[in-house]
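Descriptive analysis of the structure
Okay, here's what each chain looks like letter by letter:
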Amino acid sequence: MPSKSSDKKKKIAAAGASTSSQPDFYQPKEFEHNKYATRKTITQGFIDVALLMTNVAQLKFLLDLGSTYSYYTLLVTLFSVSIALQIIRGILNVTLGVLYNIGEEDHQVSATVLNNIVMALGALSTIINTIASGFDMSTKIADGTIHL
């Protein structure tokens with residue numbers, strides 16, 4: 001008399017399913033490069049939005065502080081350039097995510113060039129934000145006046 005497990009395997013094999021003892025979701029599937037790249041781009045976009053919001057808040061604080069701050073012009077310039085770079089990066093990331101399929105050979109070269117531009121702008125934005133963070137913008141409010 002055949003065992004129950006061998007009968008079960010025969011039924012599975014007859015149905016065309018996997019005879020492996022592991023469930024189907026453990027079976028290796030072909031890696032979808034375009035889906036990975038799209039998810040990576042979207043995640044990077046969320047991080048960019050967080051940095052953009054931080055820069056906008058810092059710029060607003062600096063503008064409220066006024067030109068009495070000794071590094072006012074420098075920091076307004078740095079934050080403005082950083083915000084502009086982040087907006088450009090966001091547009092390029094959306095373009096990468098929507099218009100390009102890296103699974104297609106004719107899209108790979110232009111997607112790589114665009115991705116390299118995005119990375120360079122990201123590095124430049126990081127350098128600008130690092131420089132800007134070196135200037136202390138904390139204030140002490142005493143007697144209704146701002147002391148820097």
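None of the values given here were measured: they were computed from a predicted structure. (Residues numbered from 1 in each chain as written. Predicted model: local features only at pLDDT ≥ 70, side-chain atom pairs only at ≥ 80, totals over all residues. Heavy atoms only, no water.)

Some remarks on the overall build of the protein
- From N to C terminus, the protein includes four helices and two strands.
- Listing each helix as α and each strand as β along the protein from the N terminus yields α-α-α-α-β-β.
- Going through the 148 residues of the protein one by one, you find that 23% of them count as buried.
- If you take every contact in the protein between residues at least 6 apart in sequence, the share linking residues at least 24 apart comes to 62%.
- About 10,700 Å² of surface is accessible on the protein, with carbon and sulfur atoms providing 64% of the total. (Helix = DSSP H or I, 4+ residues; strand = E, 2+ residues; numbered from the N terminus. Buried < 20%, exposed > 50% of the residue type's maximum accessible area, 1.4 Å probe, protein only. Contact = heavy atoms within 4.5 Å. Areas by Shrake-Rupley, 256 points an atom, 1.4 Å probe, with all protein chains shown as cover.)

Regarding the nonpolar core
- Ranked by size, the top nonpolar core spans 21 residues in total, and within it Leu62, Tyr69, Leu75, Phe79 and Met137 carry the most contacts.
- Among the elements that line this core, the one with the most residues is helix α3 (residues 72-99), at nine residues.
- Setting aside residues no more than four positions away along its own chain, Met137 makes contact with Gln58, Phe61, Leu62, Tyr69, Leu75 and Phe79. (Core = buried A, V, L, I, M, F, W, Y, C linked by side-chain atoms within 4.5 Å.)

Topic: the packing of α3 against helix α4 (residues 105-133)
- Packing of α3 against α4 leaves a shortest axis separation of 9 Å and a crossing angle of 160°. Of the possible angle classes, the one that applies to α3 and α4 is roughly antiparallel. For the crossing formed where α3 meets α4, the hand is left-handed.
- Looking at the contact of α3 with α4, its residues break down into 18 nonpolar, nine polar and one charged. (Axes fitted to C-alpha atoms, helices over the stretch in contact; angles between N-to-C directions. Parallel < 35°, antiparallel > 145°, perpendicular 65-115°, else oblique. Left-handed = near helix turned anticlockwise from the far one by under 90°. Nonpolar A, V, L, I, M, F, W, Y, C, P; charged D, E, K, R; others polar.)

A look at α4
- The end-to-end C-alpha distance of α4, which contains 29 residues, comes to 42 Å, matching closely the 42 Å that a straight helix rising 1.5 Å per residue would cover.
- Taken together, the buried positions of α4 are occupied by His107, Ala111, Leu114, Val118, Leu121, Gly122, Ser125, Ile128, Asn129 and Ala132. (Expected span 1.5 Å × (residues − 1).)

A look at a nonpolar patch on the surface
- On the surface, a nonpolar cluster with roughly 320 Å² of combined accessible area is contributed by Val94, Val98 and Leu99.
- You can see Val94 is positioned in helix α3.
- Relative accessible area serves as the criterion here: at 54%, Val94 is assigned to the exposed category. (Patch = residues over 30% accessible without salt bridge, like charges linked within 9 Å, V, L, I, M, F, W, Y side chains within 5 Å. Salt bridge = Lys/Arg side-chain N within 4 Å of Asp/Glu carboxyl O.)

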